[in-house]
Amino acid sequence: MSQATLPIDFRTNAQHVPPKMPASVQKATAKFLGNRAALVEALGNELWQTLRQAAHDVRLHAITNLDQYLEQAERAVTKAGGHVHWARDAAEANRIVLEMARHHQVRKVVKSKSMATEEIGLNHALEAEGIQVIETDLGEYIVQLLGMGPAHIVVPAFHLSKEEIAALFREKLGVDAPAEAEKLTQVARMKLRQEFLTAGLGISGGNFLIAETGTIVTVTNEGNGRMCTTVPPVHVAIVGIDKIVPDWESLTVLLKVLARSATGQKITCYTQFISGPPRADAETGPKESHLVLLDNGRSRILQTPETRETLLCIRCGACLNICPVFNNVGGYTYGYPISGPTGVLFASQILGVKAAGGLPFASTLCGACNDICPVKIPITEILLHLRHRVAEGDEQEKAAAPSLMRTGAQVGSVALRTPWLYRLGSSLLKWAQAPLKRDDWLAKLPPPLSRWTMARPLPAFAADFRSWWRTRSHKR
Ligand code: SF4
């Protein structure tokens, strides 16, 4: 798995997107969106909107009562014979898993897909201690062979063609794999089976955590998740504290919207429920079951009313699929394992605006993500608040924008509110742009305006609004 390089420079990353990436991304996202649209249509828009509202209400209730539900879940897991660990940040979560691995003298770990483990860089932490980590989700397995992380939160290798995967298997696994999905899956299955049987620790994430019974819920289309959580002698699930849901009834609403929004399925192939380790007389299953509850900035997100609803996310990936920016740059450009609009919200708050302050600007604010989000997160409103945090700072963080830019914005704001200054500025602008003007265009401007003109020319400033308005009224 590749790790985030900080600070994240989205603009520079975007300049290095491979030319074929947008077409590959758009082909895959169009399929997911088409499947989703068909299912929503079959349900009827009215019912779908009712479900979205119910899902929103359930999630909002859960995160506003987070302390109460987390404690309830802890009690239930402990009662069922599981062990609960609380991790304040990524380092603490990694340390907990490492100590567990050392205690059991684990040399090999099998993992199912988990964005929480990607977020904390668990693979690196384990590998640095000489522990082999095998990703067992097919997409994760493929990107791991490439030395990369997931390119999409639901379908990690969605940008790769069958031919590319076949070539990768030939090169890395030394097998002659034809470019056929079924055959490629068989190759991976055969390679992975032995890994499941010889691993000392199985690691998973959790899509939800049900407070009333302490049940970890995983939602997947591959059987590897069940192998990771049942074959090795020890299982550990790393679950963000935001994944809590009060009860089974709430879960049913969320399961209905998750699969439909993610892959356009009514329900995924596997929905697994883990409530502690197997009973003492069970013949199979892990001997120990651990749950790591990961905070890593989530409590801080919860404290800010303007951004709190970030935590409603159920990681369906629909906002990635619909986002015009994501569709043109792909997942890696975001420089963070969780990409697209939801990734922007998480990365800029978890890493902070100094490290990821460029990300809230990686959006056209078109609002398509708001409309598609099954839990009705007001993504663009949160993005605007985060932009404000970058520019002006707020109660959570100091401003991260360069002081020159902040001063420029403040001067601009005063000028726009003061008529005589606005008129003076307009006449000065007409004069100042003359040396740079070519016909009616400004092709090359000095920094910071060069950010615009490096991509496209800017229309030359024609007249101030009042003069333009007078001319226009006169002509009519
Ligand atoms: S923000 Fe909404 S649409 Fe995007 S991944 Fe999260 S739940 Fe899905």
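A. Inspection of the nonpolar core at higher detail. Counting 63 residues, the largest nonpolar core has Phe208, Leu254, Ile314, Tyr334, Leu359, Val375 and Ile377 as its most contacted members. Judged by nonpolar contacts, the second largest core, of 23 residues, contains Ala93, Leu98, Val236 and Val292.

B. Expanded view of the site of the ligand. Inspection of the region around the ligand gives Cys313, Ile314, Arg315, Cys316, Gly317, Cys319, Thr342, Cys373, Pro374, Val375, Ile377 and Ile379 as its neighbouring residues. At a threshold of 2 Å from the grid points, most atoms of the ligand map onto the second largest cavity. A breakdown of the residues in the shell around the ligand according to their chemical character gives nine nonpolar, two polar and one charged.

C. Representation of the domain arrangement of the protein. By domain assignment, the protein separates into domain 1 (48-296) and domain 2 (433-475). When each unit is reduced to the centre of its C-alpha atoms, the spacing between domain 1 and domain 2 is 53 Å.

D. Geometry of the state of the cysteines. Under the defined criterion, the tally for this structure stands at zero disulfides. Between Cys323, a cysteine without a disulfide, and Cys366, which holds the nearest cysteine sulfur, the sulfur-to-sulfur distance is 6.6 Å. Residue Cys323 is classed as buried on the basis of its relative accessible area of 10%. In this model Cys369 remains outside any disulfide bridge; the closest cysteine sulfur is found in Cys366, 6.1 Å from its own.

E. Expanded view of the side chain of His235. Its place among the elements puts His235 in strand β7 (residues 234-240). A relative accessible area of 1% places His235 in the buried class. Not counting the four nearest positions on each side in its chain, His235 is found in contact with Gly202, Ser204, Cys228, Thr229, Ile274, Pro286, Glu288, Ser289 and His290.

F. Summary view of the sheet that holds strand β10 (residues 288-294). Overall, parallel pairing links the six strands, which are arranged β1-β10-β7-β4-β2-β3 in an open sheet. With partners counted over all chains shown, the strands left at the sheet margins are β1 (83-87) and β3 (132-135), one partner each. Each adjacent strand pair in this sheet contributes to an overall mean axis angle of 20°, direction not counted. Of the strand pairs in this sheet, β1 and β10 are connected by five bridges, and their pairing is parallel.

G. Layout of the sheet that holds strand β13 (residues 458-459). With respect to topology, three strands assemble into an open sheet ordered β11-β12-β13, the strand pairing being antiparallel. Here the strands that pair on one side only, and so sit at the sheet edges, are β11 (437-438) and β13. Pairing geometry for β11 and strand β12 (residues 441-442), over two bridges, is antiparallel. Within β12, the position partnered with Lys437 by the bridge is Leu442.

H. Empty space enclosed by the protein, seen in detail. Following the criterion strictly, the structure yields three cavities of 30 Å³ or more and no others. Its boundaries defined by the atoms lining it, the largest cavity holds a volume of some 130 Å³. For the lining of the largest cavity, the secondary structure elements donating two or more residues are α14 (318-322), α15 (324-329), α16 (340-350) and α18 (368-372). At three residues, the largest contribution of residues to the lining of the largest cavity is made by α16. Residues that form the lining of the largest cavity fall into these classes: 15 nonpolar, four polar and no charged. Its volume calculated, the second largest cavity comes out at about 110 Å³. Lining of the second largest cavity is provided by 15 residues; of these, Cys313, Cys316, Cys319, Cys373 and Ile377 occupy positions nearest its centre. For the lining of the second largest cavity, the elements supplying multiple residues, two or more each, are α14 and α16. By residue class, the composition of the lining of the second largest cavity is twelve nonpolar, two polar and one charged.

I. Geometry of unusual backbone geometry. Look at the link from Leu6 to Pro7: it is a cis peptide, with omega at -10°. Assignment of secondary structure puts Pro7 in the segment before α1 (10-15). In this structure, Arg315 takes a positive phi of about 55° despite not being glycine. With respect to the helices and strands, the residue Arg315 is situated in the loop between α13 (298-303) and α14. One non-glycine residue, Lys376, adopts positive backbone phi at about 55°. Positionally, Lys376 belongs in the loop between α18 and α19 (379-392).

J. Just the layout of surface pockets, in detail. Its boundaries defined by the atoms lining it, the second largest pocket holds a volume of some 1,500 Å³. Along the walls of the second largest pocket sit 38 residues, with Arg11, Gly358, Phe361, Ala362 and Arg451 positioned nearest its centre. Secondary-structure elements contributing two or more residues to the lining of the second largest pocket are α1, α15, α17 (353-356), α19, α20 (403-417) and α22 (450-453). Looking at the lining of the second largest pocket residue by residue, the classes come out as 23 nonpolar, seven polar and eight charged.

K. Examining the pairing of β7 more closely. For β7, a buried count of seven out of seven residues is recorded, marking the element as mostly surrounded by other parts of the structure. Here β7 shows no split at all, with Val234, Val236, Ile238 and Gly240 on one side and His235, Ala237 and Val239 on the other all buried. Where β7 and β10 come together, seven bridges link them in parallel fashion. Bridging across to β10, His235 finds its partner in Ser289.

L. How the structure looks around the pattern of salt bridges. The full count for this structure, using the stated rule, is eleven salt bridges. For the salt bridge of Arg102 with Glu129, the shortest nitrogen-to-oxygen distance reads 3.3 Å. With Arg102 in helix α5 (residues 90-103) and Glu129 in the loop between α7 (122-128) and β3, this pair connects stretches of sequence that are 27 residues apart. Arg102 sits in the partly exposed class, given a relative accessible area of 47%. Given a relative accessible area of 40%, Glu129 falls into the partly exposed group. Within this structure, Glu119, Asp242 and Arg298 form a network of salt bridges that share partners.

Analysis parameters
- Once a new chain begins, its residue numbering starts again from 1 and follows that chain's sequence as written.
- Local features in this predicted model are restricted to residues whose pLDDT is 70 or higher, and side-chain atom pairs enter the listing and the counts only when it is 80 or higher, whereas totals over whole chains, interfaces and linings include all residues.
- Side-chain descriptors were evaluated using all non-hydrogen atoms of the structure, hydrogens and water having been removed beforehand.
- By nonpolar core we mean a set of buried residues, namely Ala, Val, Leu, Ile, Met, Phe, Trp, Tyr and Cys, connected to one another through side-chain atoms within 4.5 Å.
- Relative accessibility decides the category of a residue: with a 1.4 Å probe and only protein chains considered, values under 20% of the type maximum give buried, values over 50% give exposed, and everything between is partly exposed.
- We call a residue near a molecule or strand as soon as one heavy atom of that residue lies within 4 Å of the molecule or strand.
- Buriedness for pockets is judged along seven lines, at least five of which must meet protein on both sides within 12 Å for an open set on the 1 Å grid over protein atoms alone, while cavities are sets there where a 1.4 Å probe fits but cannot get out, and lining residues have an atom within 4 Å of a point.
- Cavity and pocket membership follows a simple rule, namely that a molecule belongs there if more than half of its atoms are within 2 Å of the grid points.
- Note on residue categories: nonpolar means Ala, Val, Leu, Ile, Met, Phe, Trp, Tyr, Cys or Pro, charged means Asp, Glu, Lys or Arg, and polar means any other residue, Gly included.
- What counts as a domain boundary in this text is fixed by an automatic or database domain assignment.
- Count a disulfide wherever a pair of cysteine sulfur atoms falls within 2.5 Å.
- A run of H or I in DSSP becomes a helix once it reaches four residues, and a run of E becomes a strand once it reaches two; helices and strands are each numbered from the N terminus.
- In what follows, residue pairs with any heavy atoms lying within 4.5 Å of each other are defined as contacts.
- Note on pairing: two strands pair once DSSP finds at least 2 bridges between them.
- Lines are fitted to the C-alpha atoms to define the axes, a helix being fitted only along its stretch in contact, and any angle between axes, read from their N-to-C directions, falls within 0 to 180 degrees.
- Grid points are joined across faces, edges and corners, and a volume is the space filled by probe spheres set on the points.
- Here, a salt bridge means any Lys or Arg side-chain nitrogen found within 4 Å of an Asp or Glu carboxyl oxygen.

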